[in-house]
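# A look at the structure
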Amino acid sequence: MRWFVSFRYFLSHKRQSLVCIAGVTISVAMFITMSAMMEGFKDKFIIETVESSGHITVHDEPRETRTKILERVFTDPNALLAVDNVKPRDDVKKIKNAEGLMAKLRHLHGIVAVAPEVDGDAIATYGTKTLTISMLGVDPEQQLRVTTVGDDIIEGDFNRLRTTADGVIIGKGVADLLGAKLNDEISLSSNTGGHTISRVVGIFSTGVTPIDYSRAYMLINSAQTLLDKKNIINDIIIRTADYTQAQSYAAQIESIAGYKTESWQESNANFLKIFVIQTIMTYIITGSLLIVAAFGVLNILIMAVLERVGDIAILKSFGLSRTDITFIYVLQGLLIGLLGTISGEIFAKIGVEGLRRLPVHVEGLIKSDGILMSESRGMYIGAFISSMVVVLIASVYPARRAAGYDPVEVIRCAH
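The text that follows walks through the structure, step by step, so that each part is easy to find. (Residues numbered from 1 in each chain as written. Predicted model: local features only at pLDDT ≥ 70, side-chain atom pairs only at ≥ 80, totals over all residues. Heavy atoms only, no water.)

## Brief notes about a nonpolar patch on the surface
Defined as follows: Without a salt bridge and with relative accessible area above 30%, a residue can belong to a patch; like charges are then joined within 9 Å and nonpolar side chains (Val, Leu, Ile, Met, Phe, Trp, Tyr) within 5 Å. Accessibility throughout is a Shrake-Rupley quantity obtained with a 1.4 Å probe, and a residue counts as covered only by protein chains that appear here. In what follows, salt bridge is the name for a side-chain nitrogen of Lys or Arg lying within 4 Å of a carboxyl oxygen of Asp or Glu. The numbering of helices and of strands both runs from the N terminus, where a helix is a DSSP run of H or I of at least 4 residues and a strand a run of E of at least 2.
A grouping of Leu338, Ile342, Ile346, Phe347, Ile350, Ile381, Phe384, Ile385, Val389 and Ile393 is seen on the molecular surface, where their side chains present a nonpolar patch of about 920 Å² in accessible area. Elements with a contribution of two residues or more to the nonpolar patch: helix H14 (322-356) and helix H15 (377-403).

Put into structure tokens, the structure is as follows:
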């Protein structure tokens, strides 16, 4: 009987129920669509950054500067130890015995590939255009194992670094700013006095603007000569079996290497914080929409209760308990939530697919020829649970108010 009465009451307020269902539908659809959009941009940035730069980087410096002499005297770990008027030493930064360290790292569990790098700033000149770039000297074969830069080549071939004297591969943004094209010759110089004329043997595009507009690759020997870093390795790039576990691998490698070892999460911490803030704002906005929809459900159910005070008294006089009355009105709220959530998820799926196909050029932190959407099963499940919980909470008050009516008092007041 409770189910029958609840459905009858639900159908007797078709217009109000449809308005509530529409509110829940819009809220759920916006929740999923906005979440998919934020996740799409974040996934694009993370994947392209990780795959083009490596999962872990071993740098040519310790994690922190230690003052060992002072530590012998001041043993308190909280003591602030500093030496005034210390002149900087002109030490050449490098990873000592880099080949031996790389051989050791290759035998670690979970390490897929290891590659050496030498890096430094260089000035690229083409005609009247000049640009400061980040120059990476690499071994082409090993670099292609630790990164996917070979897949990002849009013109030329990464392996031409091996066959072309002083060849250079530049990012699409660098090429656009300089006006250089494939097989053009550009002038490269460093702050140490190195200079060379290099032929552009490749142009890459990762889709991550900071990389495409600043990075270039040379053969490691050529870069060492240009940057005046003969036989020096500054960084060791590592690829792991699971990039999501890069932080734990980095901690293990740092204990072995003795050098500062950064996972991709640590290297891109500032950008990841931006995505966290975006996610929080998305949930605040979409959560507010759900709350507004819940107030709509609350309002409709309160009106339904006030209109049927006499019916409630009659139902109670026929033997229905407070629990039965509560169930009748909570079920109405859940029906509104269920229908609104299901229709919202259907519209969200259509919206996500439609936005994904829009020919919109996006260029900012990342570059794309469409709106990036990344949906997951968990996103739909989360939207379903959230909307049903919010609607359930909104249904409790009017249901308990209906259950609290005394049939004797209601009938007496009616006369």
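## Looking at the environment of Asp151
Its location among the elements puts Asp151 in the loop between helix H5 (140-146) and strand S4 (153-156). Expressed as a C-alpha distance, the spacing of Asp151 and Glu51, which sit 100 residues apart in the sequence, is 10.0 Å.

## Observations concerning unusual backbone geometry
The bulk of non-glycine residues show a negative phi, and the bulk of peptide bonds are trans. Of note in the backbone geometry, Asp166 takes a positive phi value of approximately 55° without being a glycine. In this structure, Asp166 sits in the loop between helix H6 (160-163) and strand S5 (167-171).

## Remarks on the environment of Glu61
Heads up, the rule is: Here, two residues are considered to be in contact whenever any of their heavy atoms come within 4.5 Å of each other.
Looking at the element boundaries, Glu61 is found in the loop between strand S1 (56-58) and helix H3 (68-73). In the structure, Glu61 is positioned 174 residues away from Asp235 in sequence and 9.5 Å away in space, judged by C-alpha atoms. Apart from the residues within four sequence positions on either side, Glu61 is in contact with Lys93, Tyr259 and Lys260.

## A closer look at the packing of helix H2 (residues 14-53) against H14
Formally: To obtain each axis, a line is fitted to C-alpha atoms, and for helices this fit is confined to the stretch in contact; angles are then taken between N-to-C directions over 0 to 180 degrees. By definition in this entry, angles of less than 35 degrees are roughly parallel, angles greater than 145 are roughly antiparallel, angles of 65 to 115 are roughly perpendicular, and the rest are oblique. In this scheme the handedness of a crossing depends on how the near helix is turned from the far one: anticlockwise by less than a right angle means left-handed, clockwise means right-handed. All amino acids are sorted into three groups, where Ala, Val, Leu, Ile, Met, Phe, Trp, Tyr, Cys and Pro are nonpolar, Asp, Glu, Lys and Arg are charged, and the leftover types, Gly among them, are polar.
Closest axis-to-axis distance for the H2/H14 pair is 7 Å, and the angle between their directions is 40°. In terms of their interaxial angle, H2 and H14 are classed as oblique. When the axes of H2 and H14 are compared, the crossing they make is right-handed. Across the interface between the two elements, Cys20, Ile21, Val24, Thr25, Val28, Ala29, Ile32, Thr33, Ala36 and Met37 from H2 touch Ile336, Gly337, Leu339, Gly340, Thr341, Ser343, Gly344, Glu345, Phe347, Ala348, Val352 and Leu355 from H14. Counted by class, the contact of H2 with H14 contains 14 nonpolar, 7 polar and 1 charged residues.

Just geometry here; none of it tells us what the structure is for.
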